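# Reading the structure
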Amino acid sequence: RESEGVFVFEDDDLYTSNFSKQWKDFNKIQIDSYNNTSISFDYLNTLLFNNFEEIKNKNILEIGCGAGRFTEHIVKKSSLCVSVDLSKSIFYNVSINEKNLILIKSDLINLKIKNKFDIVICRGMLQHTPDPEKSILKLFDFIDNEGLIFFDYYKKPKIGVFHPKYWLWRPLLKRLFTYEKLKSFLTINILSLIRIKNIIRKLFFNSYFISDCFIPIWDFREDKYKIENNLFIEWTILDTLDGIFAEFDIPKSNKEIVNIIKKNNYFIKKNNIQKNIFCVSKNI
């Protein structure tokens, strides 16, 4: 059925209810045309191995589009963009009125599209699915032998599941706070938490890793963009809510992703090992 400009294949948000709330509350924060930066474009360009022209006049499938931080750039360059998200964030997609955009609310695993695409783009999403390996392999359903898939995957922390965010902060904060209460707490206390975290970081040789272990806020730290202070604060609240309330977060190493691709007889065209970014295909 169609609702508010979106084709709804799945009414339930399933495991993405937190993302629905986040993008309702912060639907414009990461949109370049709103925050006057190139942050999202730069992330997208990096995913495309610094060749944004790759998508020019192509038919693109974007998986995990959210509120459209990458969609707004894809629709300007592509011939057709089909953007998919399971959460209600898709109703807040900034490009919803673009003529060459089709929006679909669906779980990736249950997504059925007959047509094949030139390129599939999936950023910041696969590790948040119940079965990441199954999700990665599902992407190949949408390309033919000439198609390309560009995706990234969150790397495992240096100490893996022993990182406090997995065994301490997430279970503790979920027990103490609802999404709404944590949002309210962060809105009041975020500046104090950032200051404390910066002190800890400086005490431990400027280590973000150690400060992350002590203070579970996901602060935006790419200073080269010089975003306004109020935007920085909102972005930090958004990322912290994302980090705490994600129902699934299953990080994998670059080697693990490579093994998934190769054991299923698919091919890696390009691999940015440092950023855990991949360009893959069915054929060499």
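Residues numbered from 1 in each chain as written. Predicted model: local features only at pLDDT ≥ 70, side-chain atom pairs only at ≥ 80, totals over all residues. Heavy atoms only, no water.

### Quick word on the pairing of strand E3 (residues 59-63)
Side-chain direction in a regular strand flips from residue to residue, so the side chains alternate between the two faces of the sheet. Among the five residues of E3, four are classified as buried, and the element is accordingly described as predominantly covered. Viewed along the sheet, the connection from E3 through helix H4 (residues 71-77) into strand E4 (residues 80-85) turns out right-handed. Alignment of E3 against strand E6 (residues 117-122), held across four bridges, turns out to be parallel. Note that in E6 the partner of Ile60 across the bridge is Ile119. (Buried < 20%, exposed > 50% of the residue type's maximum accessible area, 1.4 Å probe, protein only. Helix = DSSP H or I, 4+ residues; strand = E, 2+ residues; numbered from the N terminus. Right-handed = clockwise from strand over helix to strand, strands pointing away. Pairing = 2+ DSSP bridges.)

### Section: a nonpolar patch on the surface
A cluster of nonpolar side chains, namely Ile199, Leu203, Phe204, Phe205 and Phe214, defines an oily patch on the protein surface of about 610 Å² accessible area. Locating Phe214 in the fold gives a position in helix H8 (residues 208-214). (Patch = residues over 30% accessible without salt bridge, like charges linked within 9 Å, V, L, I, M, F, W, Y side chains within 5 Å. Areas by Shrake-Rupley, 256 points an atom, 1.4 Å probe, with all protein chains shown as cover. Salt bridge = Lys/Arg side-chain N within 4 Å of Asp/Glu carboxyl O.)

### Examining the sheet that holds E4
Strand order across the open sheet formed by nine strands is E1-E2-E5-E4-E3-E6-E7-E9-E8, with mixed pairing between neighbours. What marks the edges here is a single partner per strand, and that holds for strand E1 (2-3) and strand E8 (267-272). One ladder, built from two bridges, connects strand E2 (residues 6-8) with strand E5 (residues 101-105); its direction is parallel. Counterpart to Phe7 in the pairing with E5 is Ile104.

### Some words on the state of the cysteines
With the rule as written, the count across this model stands at zero disulfides. Looking at the unpaired Cys65, the closest cysteine sulfur is the one in Cys81, lying at 7.8 Å. Judged by its relative accessible area of 4%, Cys65 is buried. Between Cys279, a free cysteine, and Cys122, which holds the nearest cysteine sulfur, the sulfur-to-sulfur gap is 14 Å. (Disulfide = S-S within 2.5 Å.)

### Some thoughts on the environment of Asn59
Structurally, Asn59 is set in strand E3. Note on Asn59: relative accessible area 28%, which makes it partly exposed. Linking Asn59 and Asp118, residues 59 residues apart in sequence, is a C-alpha distance of 5.4 Å. Those residues in contact with Asn59 that sit more than four places away from it in its chain are Ser79, Leu80, Phe117, Asp118 and Ile119. (Contact = heavy atoms within 4.5 Å.)

### Focus on helix H6 (residues 164-176)
Of the positions making up H6, those classed as buried are Pro164, Lys165, Tyr166, Trp169, Arg170 and Leu173. Among the structural elements, H8 and helix H9 (229-245) are those in contact with the buried residues of H6.

### So, the pattern of salt bridges
Within the structure shown, the criterion is met by 14 salt bridges. One salt bridge in this structure joins Asp13 and Lys88, with 3.2 Å as the shortest N-O distance. With Asp13 in the loop between E2 and helix H1 (17-25) and Lys88 in the loop between E4 and E5, this pair connects stretches of sequence that are 75 residues apart. Note on Asp13: relative accessible area 7%, which makes it buried. Residue classification places Lys88 among the partly exposed residues on the basis of a relative accessible area of 39%.

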